[in-house]
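# Examining the three-dimensional arrangement
So you can see what is in the structure, the chains are spelled out below.
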Amino acid sequence: MSVTAQSVWNNCLVFIKDNIQPQAYKTWFEPIQAVKLTDNALSIQVPSKFFYEWLEEHYVKILKVSLTKELGEKAKLVYIIKMENTYGNKQPFTEKIPSSNRTTMKSQEVDVPLNNKNPELRNPFVIPGIRNVKIESQLNPNYSFENFLEGDSNRLARSAGLAVASKPGGTSFNPLLIFGGVGLGKTHLAHAIGVDIKDKYPEKTVLYISAEKFTQQYIDSVKKNNRNDFIHFYQIIDVLIIDDVQFLSGKTGTQDVFFHIFNHLHQNGKQVILTSDKAPVDMQDIEQRLLSRFKWGLSAELQTPDFETRVSILKNKLYRDGVDMPDDIIEYVAKNIKTNVRELEGAIISLIAQSSFNKKEITIDLARVIVEKFVKNTKREVSIDYIQKVVSDYFQMDVDTLQSKTRKRHIVQARQLAMFFAKKFTKASLASIGSQIGKRDHATVLHACKTVDNLTSTDKQFRKYVDDISKKLSV
Ligand code: ADP
Ligand code: MG
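Looking up the chain in an unreviewed UniProt entry gives the name Chromosomal replication initiator protein DnaA, with the organism given as Mariniflexile jejuense. Per UniProt, the chain carries the Sequence similarities (unreviewed entry) text "Belongs to the DnaA family."

Pasting the structure below:
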């Protein structure tokens, strides 16, 4: 009975299939081909370097166990990476890589690559001439790792970024997708990775581009009938950084071309870095095949920074700008601006500007005024229900009482205050406010707002109510 590469591999597959998720099996094992068996070394062919890394990273144990069952303790595994041939070269480009030294599989001894000492994969498809074109990276050197302060909120993304920067295309973080809300540092981090790579590998072609600009370029190329040049340009890049990929949603043409560029880069061991304001699962109108590519590598979230991190971001900024500011003011700003680092910085910048233009000392009061401006614009809208609850709590009554038809003065006042705040803090119409607060009409609400305005300027006690409730609604 003859033992062939195929028969050994088939037996391994039976074992593996039994032990992993069907989807994982389909994705990672079905595309593999058994190529050769010499002594106790089985060579398998995988579709990309990434594929090989993924197997090593996630399935090396099961591969080892299954192969040892078939070939004994001395079993070795050799990967052959078959690259897709996109430029019509007749010879497929292959390279062997032995199973990694990290594992206990004794595979180091396997004779490695065809006369290539460098384990790094080279791009076999050199486009004549194009290599000489110098591509400006479009990176902003001010966005560095050094001034991207670390905190719990960004640790994963930051370290993944550092890992990618030290080995672009050589980690499993490919693509690296950085996602998170507005102003949390996605663009900064993306640049920092690029800047660091340029620093460590000056010969690498790095390109930063926003998805919006990419789309524009693509549309232009279609108009000018040079879509192929567009594609070729992107295919020679070593490190491609695309910012705000959520912008591609609904743009099927651009998605399609990006899909091909992505695959090409990926297959050639080039690094792709993406940012998005949403996690892949929440991206809408992005083709499934592209989304699945996004998930191949690592998706790392930037979360809102905690108080300590906000303080250190501010201190670092002030230090770099050479500005001194009392700690209590820094802390006041950090305490009140929570969800957006850009606004945090903006508040500090206006504070400095205000104080230097008006020759005013930086005080907590000035800080309060400025922070309020920043926070007001970004505050989430409070609901009318919430306002009614806050107002009735304040006057120690329940919401039903507040809404009742009674003419008792303190209840009328509470109801009018609720209407006033609903007008002030929500975008609801007078009619809609009225219908939600005790089924009144819009004229009643208008009257309530006027009354509150009048009383605020004439009645000290009433003014205190307004201030107190305002504060409660603002936190
Ligand atoms: P996004 O692209 O997520 O909207 P940006 O990268 O433009 O956000 O960041 C907004 C601002 O906040 C930038 O000025 C950036 O330098 C700053 N920033 C964000 N996170 C940090 C951080 N961890 N350390 C220092 N500055 C930060
Ligand atoms: Mg950005």
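### Digging into helix α17 (residues 409–425)
For α17, spanning 17 residues, the distance from its first C-alpha to its last is 24 Å, which sits close to the expected 24 Å at 1.5 Å a residue. Where burial is concerned, most of α17 is hidden: 13 out of the 17 residues are buried.

### Comments concerning the confidence of the model for the chain
Mean pLDDT over the chain stands at 85; residues scoring 70 or higher make up 87%. Low pLDDT, under 50, characterises residues 84–95; the predicted model gives this stretch 34 contacts beyond four residues in sequence or across chains. Low confidence marks residues 100–132, where pLDDT is under 50. Its contacts with residues over four positions away, or in another chain, come to 59 contacts.

### Observations regarding the site of ligand 1
Close to ligand 1 lie 17 residues; Gly183, Lys186, Thr187, His188 and Glu345 are nearest. Within the side chain of Lys186, one N or O atom sits 2.8 Å away from an oxygen atom of ligand 1. Separating an oxygen atom of ligand 1 from a side-chain N or O atom of Arg342 is a distance of 2.8 Å. Here ligand 1, which alone exposes 560 Å², has 91% of that area covered by the protein. Those elements that provide at least two residues to the shell around ligand 1 are α6 (186–200) and α13 (341–357). Residues that form the shell around ligand 1 fall into these classes: seven nonpolar, seven polar and three charged. Of the residues that make up the shell around ligand 1, three or more belong to each of domain 2 (155–302) and domain 3 (307–377).

### Brief notes about the environment of Lys251
Positionally, Lys251 belongs in the loop between β7 (239–243) and α9 (252–267). Judged by its relative accessible area of 28%, Lys251 is partly exposed. Residues Lys251 and Thr215, spaced 36 residues apart in sequence, show a C-alpha to C-alpha distance of 8.3 Å. A distance of 3.0 Å separates a polar side-chain atom of Lys251 from the backbone oxygen of Phe247.

### As for unusual backbone geometry
Here the bond from Asn174 into Pro175 is cis, since omega is 5°, no more than 30 degrees from zero. Of note, Pro175 is situated in the loop between α5 (155–166) and β5 (176–180). Phi at Gln138 takes a positive value of approximately 65°, unusual for a residue other than glycine. Tracing the chain through its elements places Gln138 in the loop between β4 (94–98) and α5. On the accessibility criterion, Gln138 (45% relative accessible area) is partly exposed.

### Some words on the pattern of salt bridges
Per the counting criterion, the structure on display carries 15 salt bridges. Between Lys200 and Asp196 there is a salt bridge, with the nearest N and O atoms lying 2.9 Å from each other. Taken together, the residues Lys200 and Asp196, both in helix α6 and four residues apart, mark about one turn of the helix. The partly exposed category is assigned to Lys200, whose relative accessible area is 42%. Among the ionic contacts, a cluster of salt bridges with common partners joins Glu150, Asp152, Arg155 and Arg158.

Calculation criteria
- Residues numbered from 1 in each chain as written.
- Chains lettered and ligands numbered in written order.
- Predicted model: local features only at pLDDT ≥ 70, side-chain atom pairs only at ≥ 80, totals over all residues.
- Heavy atoms only, no water.
- UniProt positions renumbered as here; feature names shortened; annotations may be inferred.
- Helix = DSSP H or I, 4+ residues; strand = E, 2+ residues; numbered from the N terminus.
- Expected span 1.5 Å × (residues − 1).
- Buried < 20%, exposed > 50% of the residue type's maximum accessible area, 1.4 Å probe, protein only.
- pLDDT = per-residue confidence, 0-100.
- Contact = heavy atoms within 4.5 Å.
- Near = heavy atom within 4 Å.
- Polar contact = N/O pair within 3.5 Å; in protein donor to acceptor, adjacent residues only side chain to side chain.
- Areas by Shrake-Rupley, 256 points an atom, 1.4 Å probe, with all protein chains shown as cover.
- Nonpolar A, V, L, I, M, F, W, Y, C, P; charged D, E, K, R; others polar.
- Domains from an automatic or database assignment.
- Salt bridge = Lys/Arg side-chain N within 4 Å of Asp/Glu carboxyl O.

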